[in-house]
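Working through the structure, step by step
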Amino acid sequence: MAAPKNRRSVFLGRLPLPERNHLAEALRTETVGGVLLLVAAVAALIWANTPLRDSYEAVRSFHVGPAAIGLDLSLQHWAADGLLAVFFFVAGIELKRELVAGELRDPKAAMLPVVAALCGMAAPALVYFTVASSGGGSLAGWAVPTATDIAFALGVLAVIGTALPSALRAFLLTLAVVDDLFAILIIAVFFTSRLNFAALGFAVLGLVVFWLLLRKGVRGWYVYVPLAVVNWALMYNSGVHATIAGVAMGLMLRCTRRDAEERSPGEHIEHIVRPLSAGLAVPLFALLSAGVAVTGGALADVFTRPETLGVVLGLVLGKAVGVFGGTWAAARFTRAELNPDLKWPDVLAVASLAGIGFTVSLLIGELAFGDDALLVSEIKAAVLVGSLIAAILASVLLKLRDNKYKKLCAEEDRDDDEDGIPDIYEQDNPEFHLRMAALYEAKAATHRKLAQVASERTTLGDGPA
């Protein structure tokens, strides 16, 4: 008797219900934050291209903070190093949760999105390197087009009114999480110049204390918030980018649930801090960083200067080709079957959407070319242009399948028995089918009565005739 064939895994299949619920809550917050991010970016562009442009420069270059401990920083600097530490703290929690309870917990299942994300970072870097080197430009910005901005992408989805099935949203979120991980590593390795080993040592000691307090079960924001601020300040003064402290503390939180816990500590803190990150920290960073002068000459330079052209092509072409190619190759290698409700053009649309690189791309652009203010502005303009083109391309591709997506989302959300659990997750539950049978029997009884009344009316109407 022949041995049974191994069952092939399904790529972009239905998410487990707890994962779907967590995803829905996280993306709801990120979508609102994405809309605020779009508004902040537009406001910054308007502010920087009106007669009020001098006030814009005055505001973001205004210095505040204690100079005695090396923290007399401009507001723009505070946004990049301080507010984004909150963003990376949430990213650290999300990464930890993905590793212990999400899509990345199973190495075999994680291979596909991880390979897709890595290819989606390598391809833009290669595109930038090729364009910049062939044009004689600086290679320092190779990492600028490698990041995906999940909030901006979701904001675009909200603006164009496109529904995405939860599997595609989860895939996009996983891509962004892996992107954030490698962006953190890139910042730590390639954009750390001079090190203050004393400050770094105290920062590490502070992180160890943070970890020990968590292990001992110590509670109270009044303990952790001051310690987190101290760790951030020490990391900043060490020469390592201060956002590294944020992600390190996020990774230390426990994200697995114990008995009688509705949420793990990591999930609880993420629930509190994510709105602060998405609704305040990232939009303020955008407001203070996205304001670049947009003129005909500046836009022309974006497509002629090798560094800026490399960023645009990296985001638009490199991301789409890298994510889609990596996904297709990984699926072939792992013999994973695509969800029959979806098609490969759907993966291409999400890959194009991953080309929206805003928050981290702007940050890396500032780090890569910080000593050349003019080039920093041009790189920012290139990030905006590339992200806009990627958003338009993805919107067109997604709109072509929008009716299909709406049907899939409606099927995912359908709850005919009104028990709070989508019916698609209860097909193996006998009680669900008994409830549905009772509902249909009640409806059938109602229709029988209506049929009898209609029949009697017809009989009475025919009598006089």
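Where an unreviewed UniProt entry is consulted, the protein chain appears under the name Na(+)/H(+) antiporter NhaA, with the organism given as Streptomyces griseocarneus.

Quick look at the nonpolar core now. Residues Leu12, Phe88, Phe171 and Phe358 are the most contacted members of the largest nonpolar core, which totals 116 residues. Each residue touching phenylalanine 171, except ones within four places of it in the same chain, is listed here: Phe11, Leu12, Leu112, Pro113, Ala116, Val323, Thr327, Val347 and Val350. Of all hydrophobic cores here, the second largest spans 7 residues; its members include Leu73, Ala85, Trp232 and Ala233.

Here we take up the packing of aromatic side chains. Counted by the stated rule, this structure contains 9 aromatic pairs. Centroid distance phenylalanine 87 to phenylalanine 88: 5.1 Å. Interplanar angle 75°. Geometry classified as edge-to-face. With 5.9 Å between their ring centres and 20° between their planes, tryptophan 232 and tyrosine 236 make a pair best called stacked. Of the two residues, tryptophan 232 and tyrosine 236 both sit in helix α8 (residues 221–238), 4 residues apart, roughly one turn of that helix. Overall, the relative accessible area of 18% leaves tyrosine 236 in the buried class. Pairwise contacts between aromatic rings join Trp78, Trp232 and Tyr236 into one cluster.

Let us look at the side chain of threonine 243. Counting through the fold element by element, threonine 243 comes out in helix α9 (residues 243–252). Judged by relative accessible area, which is 2%, threonine 243 ranks as buried. When sequence neighbours within four positions are dropped, the list of residues in contact with threonine 243 reads Ala80, Asp81, Leu84, Ala85 and Phe88.

Let us now look at the pattern of salt bridges. Note that side chains of opposite charge can pair when their charged atoms are close. If you walk through the whole model with that rule in mind, you get 21 salt bridges. Residue glutamate 30 is joined to arginine 274 by a salt bridge in which the shortest nitrogen-to-oxygen separation is 2.4 Å. Of this pair, glutamate 30 sits in helix α1 (residues 17–48) while arginine 274 sits in helix α10 (residues 265–289), and the two are 244 residues apart along the sequence. Judged by its relative accessible area of 6%, arginine 274 is buried. Glutamate 270 is paired through a salt bridge with arginine 274; the nearest N and O atoms lie 2.2 Å apart. Pair noted here: glutamate 270 and arginine 274 are both in helix α10, with a separation of 4 residues, about one helical turn. Neither glutamate 270 nor arginine 274 differs from the other in exposure class; each is buried. Because the salt bridges share partners, they merge into one network encompassing Glu30, Glu94, Glu270 and Arg274.

The next thing to look at is the environment of leucine 15. Within the element layout of this structure, leucine 15 appears in the loop between β1 (10–11) and α1. Judged by its relative accessible area of 5%, leucine 15 is buried. As a C-alpha pair, leucine 15 and valine 144 span 129 residues in sequence and 32 Å in three-dimensional space. When sequence neighbours within four positions are dropped, the list of residues in contact with leucine 15 reads Arg20, Leu23, Glu103, Ser166, Ala170 and Tyr425.

Of all 10 residues in helix α14 (residues 359–368), 9 are buried; the element is thus mostly enclosed. When we look at burial in α14, the residues that qualify are Thr359, Val360, Ser361, Leu362, Leu363, Ile364, Gly365, Glu366 and Ala368. Contacts from the buried residues of α14 go to α1, α3 (75–101), α6 (166–190), α10, α12 (306–334) and α15 (373–399).

All right, on to the side chain of glutamate 94 then. Within the fold, glutamate 94 resides in helix α3. Exposure remark for glutamate 94: the relative accessible area of 3% places this residue in the buried category. Of note is the side chain of glutamate 94, whose polar atom sits 2.9 Å from the side chain of arginine 274. When residues no more than four places from it in sequence are discounted, the contact partners of glutamate 94 are His22, Leu173, Val177, Glu270 and Arg274.

Let us look at unusual backbone geometry. Of note in the backbone geometry, glutamate 418 takes a positive phi value of approximately 55° without being a glycine. Within the element layout of this structure, glutamate 418 appears in the loop between α16 (402–413) and α17 (430–462). We classify glutamate 418 as exposed; its relative accessible area is 70%.

This part is about a nonpolar patch on the surface. A surface patch of nonpolar side chains, about 330 Å² in accessible area, is lined by Val204, Val208, Trp211 and Leu212. Position of valine 204 among the secondary structure elements: in helix α7 (residues 197–215). Under the relative-accessibility criterion, valine 204 is labelled partly exposed at 43%.

What counts and how
- Residues numbered from 1 in each chain as written.
- Predicted model: local features only at pLDDT ≥ 70, side-chain atom pairs only at ≥ 80, totals over all residues.
- Heavy atoms only, no water.
- Core = buried A, V, L, I, M, F, W, Y, C linked by side-chain atoms within 4.5 Å.
- Buried < 20%, exposed > 50% of the residue type's maximum accessible area, 1.4 Å probe, protein only.
- Contact = heavy atoms within 4.5 Å.
- Phe/Tyr/Trp six-rings, centres within 6.5 Å; stacked < 30°, edge-to-face > 60°.
- Helix = DSSP H or I, 4+ residues; strand = E, 2+ residues; numbered from the N terminus.
- Salt bridge = Lys/Arg side-chain N within 4 Å of Asp/Glu carboxyl O.
- Polar contact = N/O pair within 3.5 Å; in protein donor to acceptor, adjacent residues only side chain to side chain.
- Patch = residues over 30% accessible without salt bridge, like charges linked within 9 Å, V, L, I, M, F, W, Y side chains within 5 Å.
- Areas by Shrake-Rupley, 256 points an atom, 1.4 Å probe, with all protein chains shown as cover.

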